[in-house]
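Spelled out from the first residue to the last, the chains are:
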Amino acid sequence: MKNTALLVLLAITFSLPALANWEIKFGKAQNEVGYVNPPAGPEDFPLGPHSFRIISGKLWLADSVRGRIISFADDQSIANEIKVPGLTEPFFIDDFAVQMLKDTPVSIWVAERFSGHLIRISPDGKEMARIKNTGLAQLDDLGVDSSGQLYVGDFGKSVLAVFSSEGKKLRQIPWQMSGLAIDKSDCLHTINFNEGTGHQHVVYNAEGKELSRIEIGFAEMQNPRLWQINELGEIFVSFIPQSGDPTKNVLVTITEKGVITNKISFTNPYYIGRYLMVSDKDCYLVKADYLNAPARSISIAKVGSVK
Amino acid sequence: MKTCKKLSVLMLLVSSIFMVGCDASKIMETITKVADGIQQAIPKIKEVVDTVSNVVNTVQGVTNTANNNTGEQNNNNAAGTTVATANDQEDIGTGTAANNNGSLTAQQAAIGRAIRGLVGSTRFRGPEVDGGNLACAQVVSTALVQAGALPRVQLNCDSVVADLRAQGWQRVNVPPYQEGDVVTWTTSRGPGRHIGIIVKEGSSYVAISNSSSQRTPRKHSINYMPITQVLRKV
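All of these numbers come straight from a predicted model, not from anything done at the bench.

Quick notes on the rules
Residues numbered from 1 in each chain as written. Chains lettered and ligands numbered in written order. Predicted model: local features only at pLDDT ≥ 70, side-chain atom pairs only at ≥ 80, totals over all residues. Heavy atoms only, no water. Helix = DSSP H or I, 4+ residues; strand = E, 2+ residues; numbered from the N terminus. Rg over C-alpha atoms; globule rule 2.2 N^0.38 Å. Buried < 20%, exposed > 50% of the residue type's maximum accessible area, 1.4 Å probe, protein only. Contact = heavy atoms within 4.5 Å. Areas by Shrake-Rupley, 256 points an atom, 1.4 Å probe, with all protein chains shown as cover. Core = buried A, V, L, I, M, F, W, Y, C linked by side-chain atoms within 4.5 Å. pLDDT = per-residue confidence, 0-100. Pairing = 2+ DSSP bridges. Axes fitted to C-alpha atoms, helices over the stretch in contact; angles between N-to-C directions.

**A few points about the overall build of chain A**
From N to C terminus, chain A includes one helix and 24 strands. The C-alpha radius of gyration of chain A comes to 20 Å, within 12% of the 19 Å expected for a compact globule of 307 residues. Here the C-alpha coordinates of chain A stretch approximately 70 × 45 × 40 Å along the principal axes. Looking at chain A as a whole, 62% of its 307 residues are labelled buried. Pairs at least 24 residues apart make up 40% of the contacts formed inside chain A by residues separated by at least 6 positions. Accessible area of chain A: about 12500 Å², with a carbon and sulfur share of 53%.

The structure is reproduced here in structure tokens:
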């Protein structure tokens, strides 16, 4: 009996590491990430890394509490650590976006919550630009094109603002908190909802001219969020299904022509802004509970294939 | 017992194969699918249980007295979100719109307008709310007063909820959410310790509530924290 129990335990123990693709611990060491738990304010929630991305196959995250952007090597060691310069207490990184040239990062835009600053930094951590007066209420969702032009989704004002790589505000358009993505041609993609027709996939060029508006329907679905676009022009959009339960989400792959080719169901984690990532063929989800930090580590695990 | 042993050895063998670098993604995908299947089945089972309980309650003619325990957490679903269920609260509404055609009532629209107008405001930083550290109830009740839904501004969540109940608001089964719904969340201090209002942007239902650390109302997803309850004028 004892032996059997031991065997079962061993089997489970050896099986577990294969389930998670990345495991990140909370702490102060270089390969650990910061957290605030219990929350700083009575009405606040616990804090930890607020934004995760997969860029060119590598995991990147905003170590929001410690004020740095880090990327991971395949062996889960830290490949690059970029400390955001000029941060003053209190600070918290809401989101970041990496300007890439092929597979090489050129610059990183960072949104800092308390100052409301948008900061552009080089991969070696030098400040390249800083936008102090954004005219926005919240800096929730960032995107950047190959030239460094910055797109900022503001939940508070329901607008999407565009800034030049030097930080000059170019324009802003109405936005329904529906996510954004920039394609390889530097076009902006987002989702719009019309009461009559349902959801639309809207594309703008870098100068702000609307290029297309493709009906994707799903009128009964709620809370669309465009997370990413791939090389083929397929967009990855999550919705809350008709039931309206905000914890039940489905990620759909939509082709350039508005055809749905894939669906993945997932349950979102609490307290994290950007938690879903799509690589070449797989979808990854952050699983973390900052209310239990530092006891439980963060895992980033595959939740399905997008092909 | 022998079979169990054999199974364990088999599991170990399979696990060992994963450890030496074989592709485990297929297995993981299967496990994920099974887990998703179980997760998706739970609400259906709950629905059936709720329906049966409702029928039983109706037959027995059970009428409970008012329950003012605003901080009590209800049923947990798979994700840990707490929502009202029909069999644990006597005053739960149907969750349908206050009117019959599904469109917003004038009051719901007014509440939505009022709370939107407070996003980013710096007026909730007085000493009575610890400089904005404890302003969620003040923010919500201010919007409700502006919309004519409440007679006075309150400084704590329980008082806002009590005033709403006195005005005929009830705890509702969600989803579906509606603009103007009042929502309370479970924070690290306990259930019902944070309060906000639901608004609709496009096809998205989101919430507006005060942020202690930023000392201003912010717009955010409804389930950024576990939900305790949702109140609506039904």
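**Comments concerning the nonpolar core**
In this structure, Phe 52, Leu 251, Val 286, Ile 298 and Ile 300 of chain A are the most contacted members of the largest nonpolar core, which totals 51 residues. No other element matches strand E23 (residues 282–287) of chain A, which puts four residues into this core. Excluding anything up to four places from it in sequence, Leu 251 of chain A contacts Trp 227, Phe 236, Val 237, Ser 238, Asn 262, Lys 263, Ile 264, Phe 266, Leu 276, Val 278 and Cys 283 of chain A. Membership of the second largest hydrophobic core comes to 43 residues, among which are Val 162 and Trp 175 of chain A together with Ala 147 and Ile 197 of chain B.

**A few points about unusual backbone geometry**
Residue Asn 37 of chain A is joined to Pro 38 of chain A through a cis peptide bond whose omega torsion reads 5°. Along the chain, the position of Pro 38 of chain A falls in the loop between strand E1 (22–24) and strand E2 (51–55). Even without glycine at this site, Arg 215 of chain B takes up a positive phi of about 55°.

**Section: the confidence of the model for chain A**
Per-residue confidence for chain A averages 91 on the pLDDT scale, and 93% of its residues sit at or above 70. A low-confidence stretch, residues 11–19 of chain A stays under pLDDT 50, and its non-local contacts, those more than four residues away or across chains, total 15 contacts.

**So, the sheet that holds strand E18 (residues 222–229) of chain A**
All names here are of chain A. Sheet architecture is open: four strands sit in the order E18-E19-E20-E21, paired in antiparallel fashion. The open sheet has two edge strands, E18 and strand E21 (260–267), and neither has a second partner. Here the strands of the sheet are splayed against their neighbours by 25° on average, with no regard to which way each runs. Note: E18 against strand E19 (residues 235–240), five bridges, orientation antiparallel. Across the sheet, Ile 229 pairs through a bridge with Ile 235, a residue of E19.

**A few points about the sheet that holds strand E22 (residues 276–278) of chain A**
Residue and element names in this part refer to chain A. Across the sheet, which stays open at both edges, the four strands sit in the order E1-E24-E23-E22 with antiparallel pairing between neighbours. A single partner strand is all that each edge strand has here, and the edge strands are E1 and E22. The average angle at which neighbouring strand axes cross in this sheet is 25°, direction not considered. The pairing of E22 with E23 spans three bridges and is antiparallel. Residue pairing in the sheet places Val 278 in a bridge with Cys 283 of E23.

**Description of the environment of Tyr 204 of chain A**
Residue and element names in this part refer to chain A. In this structure, Tyr 204 sits in strand E16 (residues 198–204). Its relative accessible area of 12% is what places Tyr 204 among the buried residues. Between the C-alpha atom of Tyr 204 and that of Ser 297, which follows or precedes it by 93 residues, the distance is 39 Å. Those residues within four positions of Tyr 204 in sequence are excluded, and the remaining contacts are Ile 173, Cys 187, Leu 188, Thr 190, Lys 209, Glu 210, Leu 211 and Arg 213.

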